[in-house]
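Architecture and fold: a report
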Amino acid sequence: RAKELGRSLYQFYSTDMEKQSSYLMLLETGLRKAIERNELELYYQPQFDLVSNKVTSYEALLRWKHPTLGYISPGEFIPLAEDTGLILSIGEWVINTVCQRIKKWNESGYEPISIGINLSAKQFQQIGLVDMIKENIESNQIFPGCLEFELTEGAMQDAKKTLRTLNQLKDVGVRISVDDFGTGYSSLSYIKRFPIDTLKIDQSFVRDVLTDEKDAAITTTIIYLAQSLGLSVIAEGVEDEKQVEFFKLMGCHKAQGYYFSKPLPEKEIIEHYFKKKTK
Ligand code: C2E
Ligand code: MG
Ligand code: MG
Ligand code: MG
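Residues numbered from 1 in each chain as written. Chains lettered and ligands numbered in written order. Predicted model: local features only at pLDDT ≥ 70, side-chain atom pairs only at ≥ 80, totals over all residues. Heavy atoms only, no water.

**Quick look at the side chain of Asp179**
Residue position: Asp179 is located in strand 6 (residues 175–181). With no salt bridge to any partner, buried Asp179 finds its closest opposite charge in Lys200, at an N-O distance of 4.4 Å. Discounting chain neighbours no more than four positions away, the residues touching Asp179 are Glu59, Asn118, Glu150, Leu151, Thr152, Glu153, Lys200 and Glu236. (Helix = DSSP H or I, 4+ residues; strand = E, 2+ residues; numbered from the N terminus. Buried < 20%, exposed > 50% of the residue type's maximum accessible area, 1.4 Å probe, protein only. Lys, Arg positive; Asp, Glu negative; His and termini not counted. Salt bridge = Lys/Arg side-chain N within 4 Å of Asp/Glu carboxyl O. Contact = heavy atoms within 4.5 Å.)

Set out below in structure tokens:
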């Protein structure tokens, strides 16, 4: 019996694991070719000023359209891209694309547009990152302040290196935000020492902010912290009007979430949100 059970368990696990690993291999092979095959696309989610009710900026979010599997979410392929090192070329593609788009939008006569770009930990530690960003800004002749790089606390582990890279980025003139703020391990002394512009309140605190007293206390404290330090603060994952009211009342400058808009393809943000400069 035990032997039989053992065998069937073995079969169960092995087929399950085989399925899992062949799926991962399929993704990895596909991801290696995704850039050259033009399967990556950027969606943009607007970020709103809660006082003026206007769009202040957009976050660029990667989408991968796999030829047979359809859309694969970044939650699934970014970790794989990190493990395989593919994140470096994918990340560079994102920066190239955003800078080229901003140039094109400027030339088309739209009002200046700011874009948030996610940087993964590996990318942030990459040698030559700052130069690559600088080259993209210069070759596209864009204003550096229209780029805001989003880093999670996890990417900022090594304090000395982080401080050096962040200072170099500030010298280039781009903005820095801490993504998913409150979910990582960064101590408050980091917030003090690093040249950070914005705290992004993680959506896990936002989701139940109206019903969970702890979430309300945490978000209020983050807003107060940001205000006291002269930082900008944005609530992520805002899905309904009551949450908007809460954040407005608490003095949070900005919000982003399905309540306002889902991430949209380029064509749609142009249609819905872009305004032509008036001469
Ligand atoms: P993130 O940077 O924290 O981005 C916010 C995520 O929340 C996005 O998921 C967005 O679509 C989603 N979201 C926005 N509003 C709402 C809302 O109201 N409710 C809910 N439930 N979700 C909302 P997405 O696009 O699937 O991206 C997931 C993560 O993948 C991102 O989290 C980011 O860490 C990573 N990612 C996306 N694009 C890139 C990229 O170009 N480079 C790197 N390194 N990572 C990226
Ligand atoms: Mg982000
Ligand atoms: Mg986030
Ligand atoms: Mg996240």
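**Description of the coordination of the magnesium ion (ligand 3)**
Donor atoms from the polypeptide that bind the magnesium ion (ligand 3) are Asp179 (OD), Asp180 (OD), Glu236 (OE) and Glu236 (OE), placed at 2.0 to 2.5 Å. Distance-wise, the magnesium ion (ligand 2) is placed 4.2 Å from the magnesium ion (ligand 3), both being coordinated by Asp179. Taken together, the residues Asp179 in strand 6 and Glu236 in strand 8 (residues 232–236) connect sequence positions 57 residues apart. Judged on exposure class, the residue Asp179 and its partner Glu236 are both buried. (Donors = N, O, S within 2.8 Å, 3.2 Å for Na, K, Ca; no water.)

**Some thoughts on the pattern of salt bridges**
Under the criterion given, the structure shown has 10 salt bridges. Residues Lys104 and Glu266 are paired through a salt bridge, measuring 3.1 Å at the closest nitrogen-oxygen approach. Here Lys104, found in helix 3 (residues 87–107), pairs with Glu266, found in helix 11 (residues 266–272); they are 162 residues apart in sequence, far enough to count as distant. The salt bridge partner of Lys170 is Asp197, with a shortest N-O separation of 2.7 Å. Remark: Asp197 occurs in the loop between helix 7 (188–193) and strand 7 (198–201) and Lys170 occurs in helix 6 (residues 159–172); sequence separation between them is 27 residues. The network of salt bridges with shared partners includes Glu59, Glu150, Lys200 and Glu236.

**Some details on the nonpolar core**
Taken as a class, soluble globular proteins show a tendency for nonpolar side chains to be buried jointly. Leu31, Val98, Trp105, Ile115, Leu147, Leu199 and Phe247 are the most contacted members of the largest nonpolar core, which totals 79 residues. For this core, the leading source of residues is helix 3, giving nine residues. When near neighbours in sequence (up to four residues on either side) are disregarded, Val98 contacts Leu42, Ala60, Ile115, Ile117 and Leu147. (Core = buried A, V, L, I, M, F, W, Y, C linked by side-chain atoms within 4.5 Å.)

**Examining the packing of aromatic side chains**
This structure, assessed with the given rule, holds 11 aromatic pairs. When the centroid spacing of 5.6 Å and the interplanar angle of 75° are considered together, the rings of Tyr44 and Trp105 count as edge-to-face. A residue pair is termed long-range when its members are at least 10 positions apart, and Tyr44 in strand 1 (residues 40–49) and Trp105 in helix 3 qualify at 61 residues. Residue classification places Tyr44 among the buried residues on the basis of a relative accessible area of 1%. Ring geometry for Tyr259 versus Phe260: centroids 5.0 Å apart, planes at 80°, classification edge-to-face. For Phe260, a relative accessible area of 16% translates into the label buried. In textbook terms, an aromatic cluster arises when at least three aromatic residues are bridged by ring pairs, as seen for Tyr44, Phe48, Tyr58, Trp105, Tyr110, Tyr259, Phe260, Tyr273 and Phe274. A cation over a ring is seen here: Arg63 above Tyr43, with NZ or CZ 5.5 Å from the ring centre. One Lys or Arg, Lys276, reaches over the ring of Tyr110 and ends 4.6 Å from the middle of that ring. (Phe/Tyr/Trp six-rings, centres within 6.5 Å; stacked < 30°, edge-to-face > 60°. Lys NZ or Arg CZ within 6 Å of the ring centre and 35° of its normal.)

**Re helix 3**
With 21 residues, helix 3 should cover 30 Å at 1.5 Å per step; its first-to-last C-alpha distance of 30 Å lies within 8% of that length. Every buried residue of helix 3 is accounted for by Ile87, Ile90, Gly91, Trp93, Val94, Ile95, Thr97, Val98, Cys99, Ile102 and Trp105. Among the residues trailing helix 3, Gly109 stands out with phi positive, at a value near 85°. (Expected span 1.5 Å × (residues − 1).)

**Some words on the site of ligand 1**
Arg63, Asn118, Asp179, Glu239 and Tyr258 are the nearest of the 21 residues found near ligand 1. At a separation of 2.8 Å, an oxygen atom of ligand 1 approaches a polar side-chain atom of Asn118. Considered on its own, ligand 1 offers 820 Å² of accessible surface; in the complex 81% of this is hidden by protein. Counting atoms within 2 Å of the grid points, the majority share of ligand 1 lands in the largest pocket. By residue number, the principal contributor to the shell around ligand 1 is strand 2 (residues 55–66), which donates four residues. Of the residues that constitute the shell around ligand 1, the class distribution is eight nonpolar, six polar and seven charged. (Near = heavy atom within 4 Å. Polar contact = N/O pair within 3.5 Å; in protein donor to acceptor, adjacent residues only side chain to side chain. Areas by Shrake-Rupley, 256 points an atom, 1.4 Å probe, with all protein chains shown as cover. 1 Å grid on protein atoms, 1.4 Å probe; cavity = no way out; pocket = protein on both sides within 12 Å on 5 of 7 lines; lining within 4 Å. Sits in = over half its atoms within 2 Å of the grid points. Nonpolar A, V, L, I, M, F, W, Y, C, P; charged D, E, K, R; others polar.)

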